[in-house]
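# Chain and residue survey
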Amino acid sequence: MKYAFPDNFWWGSASSALQTEGAREGETTWDYWFAREPNRFHNGVGPQQTSTFYQQWKTDIQLLKQLNHNSFRTSISWARLIPDGIGEVNPEAVDFYNQVIDELNEQGITPFITLFHFDMPMAMQEIGGWENRDVVDAYARYAQICFDLFGDRVLHWFTFNEPIVPVEGGYLYDFHYPNVVDFRRAATVAYHTVLAHAKAVQAYRAGHYAGEIGIVLNLTPSYPRSQNPADVKAAHVADLMFNRSFLDPVLRGEYPADLVALLKSYDQLPACKPDDGFLIAEGKIDLLGINYYQPRRVKCRDSAVNPQAPFMPEWFFDSYEMPGRKMNPYRGWEIYEPGIYDILVNLRDNYGNPRCFISENGMGVENEQRFIENGQINDQYRIEFISEHLAWLHKGISEGCNCLGYHMWTFIDNWSWCNAYKNRYGFIQLDLKTQQRTIKKSGEWFAATALNNSFDRE
Ligand code: BGP
């Protein structure tokens, strides 16, 4: 069967500043944490070891072109642009991002730019990070500076990438700095992130810039083990906490009432100011980026909560290991392709069918060298992964979902938060020592699919 996509469908991939660019003047929480706890990072490889996009951007943009990308998302590094987060703008960073943006446009690749992709300037973390409202203001200033500098040539902006992840990693489950386990602080961080997002949207609207503004959320559809009311309720709470805590404010301009009521009953609500509600209402977006990697399967808890234990989302559900689920064993994530369709249908039916696109989807695999044939990684598994997801995406579009494109994570194998180079995701293989880049089979497959705006499959 032939799967054809709408005209002007966005074909591309995503990356981020910290994961690709290499060293910079302004320190981030990642540099700081790595210097103190290198053991937290796979093989002790830190964020300085990258595919050196800061030097090789021109070559890399040629490669993007070779892969027939018509669009590409990366982020601006707040710490590169404004090393202390709030003070002087670094003119070298301005030159760098100008060159990248101009070259992308010249090559016919539409730049999609994220403002915050997990890379908090250390100077901002030192004053409390997202727990401090001054950091919200510093971020709003940073966003305004970016719009003023680049807004004439960047027409697709994203305030945050996966804002729930720094909440989970930094304040609940200890996989990002500052390694806190405290729900109330996590809720404050999430809340202030939504305020920061809304301030950026407000500034963008006030400046009448030429393009559109959105956010990138990792949506994990929550599936209950069974239709038993207790399982269904468990899935509902997981959905409220991990999806709707950001999805509702950015699409509906307000939080779900039952999420607020739940947190209130456990005294976990962040401190609010009287005008916050108006601000949040102004944070409604033009375009939603959806990162989809895995579903979330849950069941009701079998045991009572220890009332002395720290309050956690898991007070309301347990994760459920569905028998026979298909796994990506390297990352430990379930692969469930229909999830992409379920997300789109939910957006269509419950959120007014917003303009959206798949901003990340991907498969990290360990030791891909074992698949080299004639000098090239033959990653047939990745081609299967993409085509199966695209088939479900296609079904969603044919049923009226407003999905405008598909970006893969990622372009060139890159540094991944704590996993460093353990799992490789790229269309292009990176030799970290020589910096040599070699297109994988999946890169060729994607280039053909993008060129034809379609692919064939049995
Ligand atoms: C997303 C992030 C990316 C990227 C990707 C792969 O959550 O937006 O930055 O890292 O996941 O995940 P990981 O690198 O953790 O394997």
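Small disclaimer: the values here were computed from a predicted structure and weren't measured. Sequence positions are assigned chain by chain, starting from 1 and proceeding in written order. The predicted origin of the model limits local features to residues at a pLDDT of at least 70 and limits the giving and counting of side-chain atom pairs to 80 or more, whereas totals for whole chains, interfaces and linings rest on all residues. With hydrogens and water set aside, each side-chain value is computed from the structure's full complement of heavy atoms.

With that settled, consider the pairing of strand β9 (residues 296-299). Sheet topology places strand β7 (residues 222-224) next to β9; 3 bridges connect them, and they run parallel. Bridged to S222 within β9 is R296. We treat two strands as partners when DSSP finds at least two bridges between them. Only DSSP runs of H or I reaching four residues or more are called helices, and only runs of E reaching two or more are called strands; each is numbered from the N terminus.

A separate point is the pairing of strand β17 (residues 403-409). Exposed residues in this analysis have more than 50% of their type's maximum accessible area, buried residues have under 20%, and partly exposed residues fall in between, with area computed by a 1.4 Å probe over protein chains only. The buried count for β17 comes to 6 of 7 residues, which makes it a mostly enclosed element. Sheet topology places strand β2 (residues 10-14) next to β17; 5 bridges connect them, and they run parallel. If you follow G12 over to β17, its bridge partner there is H407. By the bridge criterion, 2 bridges tie strand β13 (residues 356-360) to β17 in an arrangement that is parallel. Bridged to C356 within β17 is C403.

Time to look at the packing of helix α3 (residues 53-66) against helix α5 (residues 91-106). Where α3 contacts α5, the two axes come as close as 10 Å, and the packing angle between them is 5°. In terms of orientation, α3 and α5 fall into the roughly parallel class. On α5, the residues that touch F53, Y54, W57, K58, I61, Q62 and L64 of α3 are E92, F96, Q99, V100, E103 and L104. Residues are grouped as follows: Ala, Val, Leu, Ile, Met, Phe, Trp, Tyr, Cys and Pro are nonpolar; Asp, Glu, Lys and Arg are charged; all remaining types, including Gly, are polar. Grouping the constituent residues of the contact of α3 with α5 by class yields 8 nonpolar, 2 polar and 3 charged. Orientation is described by axes fitted as lines to C-alpha atoms, over the contacting stretch for helices, and by angles from 0 to 180 degrees between their N-to-C directions. Angle categories: roughly parallel below 35 degrees, roughly antiparallel above 145, roughly perpendicular from 65 to 115, and oblique for all the rest. Here, residues are in contact when the closest pair of their heavy atoms is within 4.5 Å.

According to UniProt, the "active site" (unreviewed entry) feature falls on E360. Of note, E360 is situated in strand β13. Beyond its immediate chain neighbours, meaning those up to four positions away, E360 contacts A14, R73, H117, N161, E162, I290, N291, Y292, Y293, H407 and W409. UniProt positions are given in the numbering used here, feature names are shortened, and annotations may be inferred rather than shown by experiment.

Here, the term nonpolar core denotes a set of buried Ala, Val, Leu, Ile, Met, Phe, Trp, Tyr and Cys residues that are joined through side-chain atoms within 4.5 Å. Ranked by internal contacts, the top residues of the largest apolar core, which has 140 residues, are W78, W130, W157 and L288. With 14 residues, the single largest contributor to this core is helix α9 (residues 183-206). In contact with W157, other than residues within four places in its own chain, are I76, I113, L115, C146, F147, F150, G151, Y204, E212, I213 and G214. Counting 6 residues, the second-largest nonpolar core is a separate cluster that includes W10, F112, V216 and F357.

This next bit is on the pattern of salt bridges. Between Lys or Arg on one side and Asp or Glu on the other, a salt bridge is scored when a side-chain nitrogen of the former is within 4 Å of a carboxyl oxygen of the latter. Under the definition given, this model contains 29 salt bridges. The closest approach of N and O atoms between E388 and R457, which form a salt bridge, is 2.1 Å. Taken together, the residues E388 in helix α14 (residues 380-398) and R457 in the segment after β21 (454-456) connect sequence positions 69 residues apart. The class for R457 is partly exposed, based on a relative accessible area of 23%. Connected through shared salt-bridge partners, E368, D379, R382, D413, R424 and K440 make up one network.

Here the focus is the site of the ligand. For each residue, the test is whether any non-hydrogen atom lies within 4 Å of the molecule or strand; if one does, the residue is near. Neighbouring the ligand are 13 residues; H117, E162, R331, S416 and Y425 lie closest to it. Any pair of nitrogen or oxygen atoms within 3.5 Å is treated as a polar contact; in protein, a donor-acceptor pairing is required on top of that, and neighbouring residues in sequence qualify only through side-chain atoms on both sides. In the model, an oxygen atom of the ligand is placed 2.5 Å from a nitrogen or oxygen of the E162 side chain. Measuring from an oxygen atom of the ligand, one finds a side-chain N or O atom of E360 at 3.0 Å. Only the protein chains shown count as cover for residues, and all accessible areas are computed by the Shrake-Rupley method using a 1.4 Å probe. Isolated, the ligand exposes 370 Å² of accessible area, and the fraction of that covered by the protein chains is 93%. Its residues assigned to classes, the shell around the ligand shows 5 nonpolar, 5 polar and 3 charged.

As a further point, take the sheet that holds strand β6 (residues 212-218). One closed barrel accounts for 8 strands, arranged β2-β3-β4-β5-β6-β8-β13-β17; its pairing is parallel. Along the sheet, successive strands turn relative to each other by an average axial angle of 25°, direction set aside. Bridge count between strand β5 (residues 156-161) and β6: 4 bridges; the pairing is parallel. Each bridged residue has a counterpart across the sheet, and for H156 the counterpart in β6 is E212. The sheet contacts of α14 involve β2, β13 and β17, and relative to β17 the element is tilted by about 165°.

Let us now look at unusual backbone geometry. Residue P178 is reached from Y177 by a cis peptide bond, and omega for that bond is 10°. If you trace the backbone, P178 turns up in the loop between α8 (164-171) and α9. At the junction of W409 and T410, the peptide bond is cis and its omega measures out at 5° in the coordinates. Looking at where T410 falls in the secondary structure, it is placed in the loop between β17 and β18 (423-424). The phi angle at T52 is positive, at roughly 50°, despite the residue not being glycine. With respect to the secondary-structure elements, T52 resides in the loop between α2 (29-36) and α3. Positive phi is not limited to glycine here, since N367 has a value of about 50°. Turning to its location among the elements, N367 is positioned in the loop between β14 (365-366) and β15 (372-373).

Okay, the side chain of D379 next. In this structure, D379 sits in the loop between β16 (376-377) and α14. Looking at D379, the relative accessible area reads 0%, which means it is buried. Each residue touching D379, except ones within four places of it in the same chain, is listed here: E368, G426, K440, K441 and S442.

Turning next to the packing of aromatic side chains. Each aromatic ring pair is summarised here by two numbers: the centre-to-centre distance and the angle between the ring planes. Think of it this way: a Phe, Tyr or Trp ring, Trp meaning its six-membered ring, pairs with another when their centres are within 6.5 Å, and the plane angle makes it stacked under 30 degrees, edge-to-face over 60, tilted otherwise. Applying the stated criterion to the full structure yields 55 aromatic pairs. For the pair F5 and W11, a centre-to-centre distance of 5.2 Å together with 80° between the ring planes defines the contact as edge-to-face. Neither F5 nor W11 differs from the other in exposure class; each is buried. One aromatic cluster is present, built from ring pairs that chain together Y3, F5, F9, W11, F427, W445, F446 and F455. Only when the NZ of Lys or the CZ of Arg is both within 6 Å of the ring centre and within 35 degrees of the ring normal is a charge said to sit over the ring. Between R80 and the ring centre of F96, over which it is positioned, the NZ or CZ distance is 5.7 Å. Above the plane of the ring of Y336 lies R297, whose end atom (NZ or CZ) is 4.7 Å from the centre.

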